[in-house]
Amino acid sequence: MKTLPAASEKTVEFLVGSAGEITLAMRPCLPFLSEGYRVVGRGQIHLFGEGRKIAVSLPEDIGPALAGADQILLCEFAAEGAEPVREVELSRA
């Protein structure tokens, strides 16, 4: 599996809803279609798909919510614009 550079060049935001659902908003879009995610230690997740993966750092306050989640909603946005280009439900691997 090819590892892409860390998401430091991207804008990444985690949102936790009132029912505990987690949304990951990312700008710009990933160069591949994500199929799932893995929690890697306490401070990072890997988004993966199409034989590639990318590391995303986790804010400290997201860890507990993510520990109980079986899926997250990934909303990818183009470099410009307010509407998501792609929304994908990702399951934990």
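Residues numbered from 1 in each chain as written. Predicted model: local features only at pLDDT ≥ 70, side-chain atom pairs only at ≥ 80, totals over all residues. Heavy atoms only, no water.

S.K.: Give a description of the overall build of the protein chain that names residues and reports values.
M.R.: Of regular secondary structure, the protein chain possesses one helix and eight strands. Reading the protein chain from its N end, one meets helices and strands in the order β-β-β-β-β-β-α-β-β. Projected onto its principal axes, the C-alpha coordinates of the protein chain cover approximately 30 × 30 × 20 Å. Looking at the protein chain as a whole, 35% of its 93 residues are labelled buried. Long-range pairs, those at least 24 residues apart, make up 47% of the contacts in the protein chain with a sequence separation of at least 6. Each charge class in the protein chain was averaged separately, 9 positive and 13 negative side chains, and the resulting centres sit 10 Å apart. (Helix = DSSP H or I, 4+ residues; strand = E, 2+ residues; numbered from the N terminus. Buried < 20%, exposed > 50% of the residue type's maximum accessible area, 1.4 Å probe, protein only. Contact = heavy atoms within 4.5 Å. Lys, Arg positive; Asp, Glu negative; His and termini not counted. Charge placed at Lys NZ, Arg CZ, Asp CG, Glu CD.)

S.K.: Tell me what's going on with the pairing of strand β3 (residues 22–27), and back it up with residues and numbers.
M.R.: Regular strands show a simple pattern: their side chains alternate between the two faces of the sheet. Burial within β3 is extensive, with five of its six residues counted as buried. With six bridges connecting them, strand β2 (residues 11–16) and β3 associate as antiparallel partners. Each bridged residue has a counterpart across the sheet, and for V16 the counterpart in β3 is I22. Between the end of β2 and the start of β3, which pair antiparallel, lie five residues, with G20 showing a positive phi angle near 90°. As paired strands, β3 and strand β7 (residues 71–77) are joined by four bridges and run parallel to one another. The residue bridging L24 from the neighbouring strand is L74, located in β7. (Pairing = 2+ DSSP bridges.)

S.K.: Explain the pattern of salt bridges to me, and be specific about the residues and the numbers.
M.R.: As enumerated under the stated definition, the model contains two salt bridges in all. A salt bridge links E50 to R52; the nearest nitrogen and oxygen atoms lie 4.0 Å apart. Taking relative accessible area as the criterion, R52 reaches 24% and is therefore assigned partly exposed. We note a salt bridge from R86 to E76, for which the minimum N-O separation is 2.9 Å. Linking R86 in strand β8 (residues 84–92) with E76 in strand β7, this pair joins segments that are 10 residues apart in sequence. Given the relative accessible area of 25%, R86 is considered partly exposed. Residue classification places E76 among the buried positions, given a relative accessible area of 0%. (Salt bridge = Lys/Arg side-chain N within 4 Å of Asp/Glu carboxyl O.)

S.K.: Please give an account of the pairing of β8 that cites residues and values.
M.R.: Relative to β8, strand β4 (residues 36–40) runs parallel, the two being bridged by two bridges. Bridge pairing in β8 links Y37 to R92. Sheet topology note: the β7/β8 ladder contains seven bridges and is antiparallel. For L74, the partnering residue across the bridge sits in β8 and is V88. Counting the residues between successive antiparallel strands, the hairpin from β7 to β8 contains six residues, one of them, G81, with a positive phi of roughly 115°.

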